[in-house]
Amino acid sequence: MSIGELGRVTTKLLRLVSSESQTCVKQTRSPSAKELAASIRGGVCPDDHSFDRFLPYNLQIVSREHWTPLCVAMRVARWLEELEIRSVVDLGSGSGKFCVATALASDCEFIGVEQRAHLIDAAEDLADVFGVGDKVRFVHATLGEALIPEADAYYLFNPFGENVTEVFGRLDDNVELSVERYKRDIATMTGFLDELPIGAYVIKYNGFGGNIPRAYKPIRVDREMPCVLRIWRKMY
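Below, the structure is looked at part by part. Nothing here was measured: the structure is a model prediction, and the numbers come from that model.

Things to note about the overall build of the protein chain
Part 1 of the argument: Of the regular secondary structure elements, the protein chain holds nine helices and seven strands.
Part 2 of the argument: Taking all 236 residues of the protein chain together, the buried fraction comes to 44%.
Part 3 of the argument: Expressed as a percentage of contacts within the protein chain between residues at least 6 apart in sequence, the contacts between residues at least 24 apart total 64%.
Part 4 of the argument: If you sum the accessible surface of the protein chain, you get close to 13000 Å²; carbon and sulfur atoms cover 51% of it.

Below you can see the structure in the form of structure tokens.
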């Protein structure tokens, strides 16, 4: 093979590699917020990483430990529709991931209650990115110091566990975190659940540290999630 022929072959190979590389990039492009929203509305669960990209980086890297997985949000959405629940309060809403994702997958309205102001900001931004600002709002409040909004159902994803985790498992030290507060918040929440009207629902993912009062009956359970997911209804 002459030098000229070798050059032409090399050029063709480089063009082929370049073309394949461009094709690969197109195939692995991360979905947009609009595409993710369409998938969730259509009942298709995206991977959590794709969704978490729309959070600030420091909140992305703690998602697995602190934020509700999309598969859980979508299962809850199905239960909400089946039970005709129209409003949900997320107690300890964090980044807003549960509220935003479940709002996309259902017809419910959501209120997230969160004690950290910077998480409220991130959650509001997330709701705007996914176009559910009309169905989701967030309240900056601390349990025991403000009234909990009224709703048909209340969501609890181990909201007090940060009080008793190792320091490296905490989001930050900008709020009170202690065993004393853990006990106090569990007592406050148990009392709150006791006072809810008959027919109220409690959705519990990975518990909340306390026991659901005896007046509640479990009506749905899913043990196939990363942690056990249950929904309870107050019967008397």
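The discussion continues.
Let's talk about the packing of aromatic side chains
Part 1 of the argument: What the rule picks out here adds up to six aromatic pairs.
Part 2 of the argument: Measuring from ring centre to ring centre gives 5.1 Å for Y154 and F192, while their planes differ by 85°; the resulting arrangement is edge-to-face. Taken together, the residues span a long stretch of sequence, with Y154 in strand β4 (residues 153-156) and F192 in helix α9 (residues 179-195) at a distance of 38 residues.
Part 3 of the argument: Given a relative accessible area of 3%, Y154 falls into the buried group.
Part 4 of the argument: An aromatic cluster is built from F51, F54 and F130, whose rings are joined through pairwise contacts.

Notes on a nonpolar patch on the surface
Part 1 of the argument: A cluster of nonpolar side chains, contributed by I198, M235 and Y236, occupies part of the molecular surface with about 360 Å² of accessible area.
Part 2 of the argument: Structurally, I198 is set in the loop between α9 and β5 (201-205).

As for the pattern of salt bridges
Part 1 of the argument: This model, assessed by the stated rule, comprises 10 salt bridges.
Part 2 of the argument: Of the charged contacts, one joins E35 and R29 as a salt bridge, the two residues approaching to 3.1 Å between their closest N and O atoms.
Part 3 of the argument: Classification of R29 as exposed rests on a relative accessible area of 51%.
Part 4 of the argument: One network of salt bridges, in which partners are shared, links D48, D52 and K97.

A word on the environment of Y236
Part 1 of the argument: By the secondary structure assignment, Y236 is in the segment after β7 (229-234).
Part 2 of the argument: By relative accessible area, Y236 is classed as exposed at 56%.
Part 3 of the argument: Along the primary structure Y236 and A215 are separated by 21 residues, whereas in three dimensions their C-alpha atoms are 5.5 Å apart.
Part 4 of the argument: Once residues within four sequence positions are removed from consideration, Y236 is found in contact with I198, R214 and A215.
Part 5 of the argument: Separated by 3.3 Å, the side chain of Y236 and the backbone oxygen of R214 make a polar contact.

Some details on the packing of helix α6 (residues 70-82) against helix α7 (residues 97-105)
Part 1 of the argument: Between α6 and α7, the least distance of the axes is 8 Å, while the angle of their chain directions is 50°. The orientation of α6 with respect to α7, classified from their angle, is oblique. Taken as a pair, α6 and α7 cross one another with a handedness that is right-handed. Where α6 abuts α7, its residues L70, A73, V76, A77 and L80 lie against K97, F98, A101, T102 and A105.

A look at the packing of helix α2 (residues 33-41) against α7
Part 1 of the argument: Closest axis-to-axis distance for the α2/α7 pair is 7 Å, and the angle between their directions is 60°. In terms of orientation, α2 and α7 fall into the oblique class. By crossing handedness, the relation of α2 to α7 is classed as right-handed. Here A37, I40 and R41 of α2 come into contact with α7, specifically with A101, L104 and A105.
Part 2 of the argument: Looking at side-chain class alone, the contact of α2 with α7 contains five nonpolar, no polar and one charged residues.

The rules behind these values
- Residues numbered from 1 in each chain as written.
- Predicted model: local features only at pLDDT ≥ 70, side-chain atom pairs only at ≥ 80, totals over all residues.
- Heavy atoms only, no water.
- Helix = DSSP H or I, 4+ residues; strand = E, 2+ residues; numbered from the N terminus.
- Buried < 20%, exposed > 50% of the residue type's maximum accessible area, 1.4 Å probe, protein only.
- Contact = heavy atoms within 4.5 Å.
- Areas by Shrake-Rupley, 256 points an atom, 1.4 Å probe, with all protein chains shown as cover.
- Phe/Tyr/Trp six-rings, centres within 6.5 Å; stacked < 30°, edge-to-face > 60°.
- Patch = residues over 30% accessible without salt bridge, like charges linked within 9 Å, V, L, I, M, F, W, Y side chains within 5 Å.
- Salt bridge = Lys/Arg side-chain N within 4 Å of Asp/Glu carboxyl O.
- Polar contact = N/O pair within 3.5 Å; in protein donor to acceptor, adjacent residues only side chain to side chain.
- Axes fitted to C-alpha atoms, helices over the stretch in contact; angles between N-to-C directions.
- Parallel < 35°, antiparallel > 145°, perpendicular 65-115°, else oblique.
- Left-handed = near helix turned anticlockwise from the far one by under 90°.
- Nonpolar A, V, L, I, M, F, W, Y, C, P; charged D, E, K, R; others polar.

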